[in-house]
Amino acid sequence: QVQLVESGGGLVQAGGSLRLSCLASGRTFSTYIMGWFRQAPGKEREFVASISRTGGSTYYADSVKGRFTISRDNAKNTVYLQMNSLKPEDTAIYYCAIKSRGTSIVVVTPTLYDYWGQGTQVTVSS
């Protein structure tokens, strides 16, 4: 059973930056496509970004493109989400997730991801 633990969330002013981390257990991290999702109060969980197994390919939601960067370090079993130019509408709980099947990173449906972390709160004040 794979476990994911997110960290790095917090309170930041609009225009600021945060870096989220997600540590995965197990020895097969490099075989997984990784994704970040977020869920604001009263809203459905939405896709933020995904990254291929090697880190060579990435995909972003239009709402974060140019502001957020997903990366991974397979030696550390960790995926990151660097968030710059944060806006109040970025406020949400952020989750990392594993997609263990298939090869496409252009997958935005939460149900197609197999394992989830507990989430980390990001709050952006105006």
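Quick note: structure is the one above.
So, here's what we can say about the structure. (Residues numbered from 1 in each chain as written. Predicted model: local features only at pLDDT ≥ 70, side-chain atom pairs only at ≥ 80, totals over all residues. Heavy atoms only, no water.)

### Thoughts on the pairing of strand E4 (residues 33-39)
Within E4, six of the seven residues are buried, leaving the element largely enclosed by the surrounding structure. Across seven bridges, the pairing between E4 and strand E9 (residues 92-99) is antiparallel. Note on E9: the bridge partner recorded for Trp36 is Cys96. Note that E4 and strand E5 (residues 46-51) share five bridges and pair antiparallel. Residue Arg38 lies in a different strand from E5, and its bridge partner there is Glu46. Between E4 and the antiparallel strand that follows it, E5, lie six residues; Gly42 among them carries a positive phi value of about 80 degrees. (Buried < 20%, exposed > 50% of the residue type's maximum accessible area, 1.4 Å probe, protein only. Helix = DSSP H or I, 4+ residues; strand = E, 2+ residues; numbered from the N terminus. Pairing = 2+ DSSP bridges.)

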